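Take a look at the letters that make up each chain.
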Amino acid sequence: MLTITDLTVTVNDLPIIKGLSLEVKPGEVHAIMGPNGSGKSTLTKVLAGHPAYTVAAGRMVFQGRDLAEVKTEERATSGIFIGFQYPVEVPGVNNAEFLRMALNAKRRAHGQSDITAADFAPILRARLKSLEMDDSLNERQLNVGFSGGQKKRNEILQMIVLEPSLAVLDETDSGLDIDALRVVASGINTYRRADRAIILITHYQRLLELVQPDAVHVLVRGRIVKSGGPALATELEASGYDELLKAAQP
Amino acid sequence: MTTTIADAFQQLRDAAQARADALPLPSAALEDWRYVDVKAFSRELSPAVAYAAAALAGHRAAGLACAVVVDGRLAETPSGLPPGTLQDLGALTEQAAAALIEGWSRELGRCADASACWSLADGRGGARISASRAGGGAPTTLHLLLVSTGGRSGCRLAIEVGADAQLDLVISHLDLAAARSSVGIEAVVHDRGRLRVDELQYSCGDQATALLLSHATLHLHERAQASWVACHQGGALVRTAIHAHLHGDGAAFDLGFLSVLSGSRQDHLLTRVHHHVGGTTSTQLVKTIADGRAQASFDGLIAIDAHTDGASARQHHHNLLLSPGARVDTRPQLDIAADDVQAAHGATVGRPNPDELFYLRSRGIAAVEALAMLRRGFAREPVLMLAHPAVRMLAERALLGSLAGA
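Quick caveat: nothing in here was measured; it's all calculated off a predicted structure. (Residues numbered from 1 in each chain as written. Chains lettered and ligands numbered in written order. Predicted model: local features only at pLDDT ≥ 70, side-chain atom pairs only at ≥ 80, totals over all residues. Heavy atoms only, no water.)

How should I be thinking about the packing of helix α3 (residues 95–109) of chain A against helix α4 (residues 117–130) of chain A in this particular structure?
Each pair of packed helices gets described by two things: the angle between the helix axes and the distance between those axes. Residues and elements named next belong to chain A. At a minimum axis separation of 11 Å, α3 and α4 run at an interaxial angle of 105°. Here α3 is positioned roughly perpendicular relative to α4, judged by the angle of their axes. Here α3 contributes Ala96, Leu99, Arg100 and Leu103 to the contact with α4, which in turn contributes Ala117, Phe120 and Leu124. Of the residues belonging to the contact of α3 with α4, the class tally is six nonpolar, no polar and one charged. (Axes fitted to C-alpha atoms, helices over the stretch in contact; angles between N-to-C directions. Helix = DSSP H or I, 4+ residues; strand = E, 2+ residues; numbered from the N terminus. Parallel < 35°, antiparallel > 145°, perpendicular 65-115°, else oblique. Contact = heavy atoms within 4.5 Å. Nonpolar A, V, L, I, M, F, W, Y, C, P; charged D, E, K, R; others polar.)

Following this line, the structure appears as structure tokens:
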């Protein structure tokens, strides 16, 4: 589904990701762990097509299409969803209306007709209920005044409404209390399907106890320095990144 | 109209014209800030076009009683209003007319430039609008369509809200051709009365408003409330002055003002909110979206007199510039002579937030559509301040609809 080959990404000419390669197949869940500043969030931004991040070398191919020439919105409508670490507040834009517009953008891209507000309302109510979210959040402005946990749940809500093929979730577990983490993990597991893939970016093992990954990768100084099965997360929880950081010294 | 009253109003207009002839037009010498050349814009008027009531169908707020004033003259009066709610100036009693003429004559003496006299000098009529408790306390609601067909026109509105009474007034300025329109409004809200004004200014079709000068003065007595929420499209030159005087304890005034400007349209706002006694509150939220070579300005003053402890006032001006050629000037000011008051003011000017834009695009919303969403989001707060949903719909269609594909 997603093949990243020798990817180098720069920000203001400063290389952040340096020769990263990753293959994610349908049905798989990959966890990417790593210390602060290792390039994890940069990977999500570049997958989304953020204009501040430049692909200096390498390729990202999603469902057979090179992403180099694909605009941010087209990446989204073709099935890439990014759950951001710090979702942006957008004053004046209604949460439910935004979601409906996003869904309609995807539907139009796939030759489907727009869904009306009346038809969308029950769909949204059901998704809200599954995430134990208050209906009133949809009357509010997009992420404005939301708590950290509400913002993260709202990202998962968007994911399960938009039903992407690939979800890249950047530290979705940070800032969540135990109950919220359980609900968010449940949402991710519900979304999980044989024809969909997930990349979970996280610092902690606790999310991976609830969402079992197929593979765990360690990103240090812009490179994947170690890959393994779920046991690698447990190992990192115990040993930390010190040894891997030393080994990756330039 | 009896000859006596007609003559009296005509004498007032003649006096206003003489005063206008004697005074200079607004100039850099008279206005130390944001001078605009009114004279130049006055040259671009169109000859009057035929007025057809049917052309206004899409501009009437659904469900509201609607009166039409064409070039300053009351042309259509709705049925079903409480008696005395809407009166042509010519139908006033001698006593009522004399009181208005006396007040307006005094006002003429205070005019500092010619354009301030135009709503009387160019005047062809006007109306007195009043609400009283006699109706049982239910709000009286009226939509006033002020139509300009071209050339010059002036209109005066005298508004009175009785004690414990409520009046909701919707004012739409519509130009059928390039016109010079001047509107003068004086409103008095007596004890515990409530006045809500929703004001819309936009052009019918492609014809831009040439010149609209409006000034409103509000007097609020004890525990009286007034809100003035305006949504403007701007024109060759639109200037609005709003003076609010809070005379009574507990009086409250809220202003919402939205300008959505494109091309070379201009919209300029001056506010003077005077807290004459303590325990009074006022808020002002002014927002501008400017594209192309549009220009807007806000000159706002909160004045709090001495010995007015407990007064509270806020004033905010936020601006969204969509192009390098657009310009917004802002001058929020405080003049406080009392100690124990709360007063805040501030202004921001910026461009669409790139992080917000990226976030919307990352969900599949195309850049053009995402930008339109951000603009609508920016405008949302003042639009929601409009008292009537039907007016919100008109405002969204007339002003924000043009942003969808912008």
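Teacher, can you tell me more about the packing of aromatic side chains here?
Two numbers describe a pair of aromatic rings. These are the distance of the centres and the angle of the planes. For the coordinates displayed, the defined rule picks out four aromatic pairs over all chains. Aromatic pair Phe98 of chain A and Tyr359 of chain B: ring centres 6.1 Å apart, planes at 20°, arrangement stacked. One end of the pair, Phe98 of chain A, is in helix α3; the other, Tyr359 of chain B, is in helix α5 (residues 354–361), on a second chain. Neither Phe98 of chain A nor Tyr359 of chain B differs from the other in exposure class; each is buried. For the ring pair Phe9 of chain B and Trp104 of chain B, a centre distance of 6.4 Å and an interplane angle of 50° mean the geometry is tilted. Here Phe9 of chain B is found in helix α1 (residues 3–22), whereas its partner Trp104 of chain B is found in helix α3 (residues 94–110), with 95 residues between them in sequence. Under the relative-accessibility criterion, Phe9 of chain B is labelled buried at 2%. Taking relative accessible area as the criterion, Trp104 of chain B reaches 2% and is therefore assigned buried. Aromatic ring contacts, followed pair by pair, group Phe84 and Phe98 of chain A together with Phe358 and Tyr359 of chain B into a single cluster. When the ring centre of Phe378 of chain B is taken as reference, the NZ or CZ atom of Lys287 of chain B above it lies at 4.5 Å. The ring centre of Tyr359 of chain B lies 5.0 Å from the NZ or CZ of Arg363 of chain B, which sits over that ring. (Phe/Tyr/Trp six-rings, centres within 6.5 Å; stacked < 30°, edge-to-face > 60°. Buried < 20%, exposed > 50% of the residue type's maximum accessible area, 1.4 Å probe, protein only. Lys NZ or Arg CZ within 6 Å of the ring centre and 35° of its normal.)

What's the story with the interface of chain A and chain B in this structure? I'm lost.
With 32 residues of chain A at the interface, the matching set in chain B holds 18 residues. For the pair chain A and chain B, the summed buried surface comes to about 2000 Å²; carbon and sulfur atoms form 66% of the total. Considering only the side of chain A, the residues that lose the most area to chain B are Glu73, Val88 and Met101 of chain A, jointly responsible for 25% of the buried surface there. At the junction of chain A with chain B, the criterion picks out three salt bridges. For Glu155 of chain A, the salt bridge is made with Arg363 of chain B, and the minimal N-O distance between the two is 2.8 Å. At the surface where chain A touches chain B, the tally comes to eight residue pairs in polar contact (both at pLDDT 80 or more). Listing elements by their share of the side of chain A that touches chain B, those giving two or more residues are α1 (40–48), α2 (72–77), β6 (80–83), β7 (90–94), α3 and α5 (148–162) of chain A. Residue composition of the side of chain A that touches chain B, by class: 17 nonpolar, nine polar and six charged. (Buried area = accessible area lost by both parts, 1.4 Å probe. Salt bridge = Lys/Arg side-chain N within 4 Å of Asp/Glu carboxyl O. Polar contact = N/O pair within 3.5 Å; in protein donor to acceptor, adjacent residues only side chain to side chain.)

Help me understand the layout of surface pockets, please; the structure alone is not making it clear to me.
Think of a ball as big as a water molecule: rolled over the atoms, this probe shows where empty space is left. Here the largest pocket defines a volume of roughly 1400 Å³. Lining of the largest pocket is provided by 49 residues; of these, Ala116, His215, Thr217, Ala241 and His243 of chain B occupy positions nearest its centre. Elements that contribute at least two residues to the lining of the largest pocket include exactly α3, β6 (151–161), β8 (179–189), β10 (209–220), β12 (235–246), β14 (266–275) and β16 (295–304) of chain B. At eight residues, α3 of chain B tops the list of elements feeding residues into the lining of the largest pocket. Here the residues of the lining of the largest pocket sort into 20 nonpolar, 14 polar and 15 charged. Counted as a void, the second largest pocket has a volume near 650 Å³. In terms of lining, the second largest pocket is formed by 27 residues, of which the most central are Val93, Asn94, Ala96 and Glu97 of chain A together with Arg380 of chain B. Counting residues per element, the ones that place at least two in the lining of the second largest pocket are β7, α3 and α4 of chain A together with α6 (367–385) and α7 (389–400) of chain B. No other element matches α6 of chain B, which puts eight residues into the lining of the second largest pocket. (1 Å grid on protein atoms, 1.4 Å probe; cavity = no way out; pocket = protein on both sides within 12 Å on 5 of 7 lines; lining within 4 Å. Points joined across faces, edges and corners; volume = space filled by probe spheres on them.)

Would you mind going over the environment of His317 of chain B with me for this structure?
All names here are of chain B. Mapped onto the elements, His317 comes out in strand β17 (residues 312–321). Along the primary structure His317 and His276 are separated by 41 residues, whereas in three dimensions their C-alpha atoms are 23 Å apart. Excluding anything up to four places from it in sequence, His317 contacts Val286, Thr288, Phe298, Val328, Asp329, Thr330, Gly346, Ala347 and Thr348.

Looking at this structure, how should I read the sheet that holds strand β4 (residues 54–62) of chain A?
The strands making up a sheet associate through backbone hydrogen bonding, with each pair oriented either parallel or antiparallel. All names here are of chain A. Judged by pairing direction, the sheet is antiparallel, and its four strands sit side by side in the order β2-β1-β4-β5 without closing on themselves. Both edges of this open sheet fall to β2 (14–24) and β5 (65–66), since each of them pairs with a single strand only. Most of the contacts of α1 go to strand β1 (residues 2–11), to which it runs at about 105°, and overall it touches β1, β2 and β4. (Pairing = 2+ DSSP bridges.)

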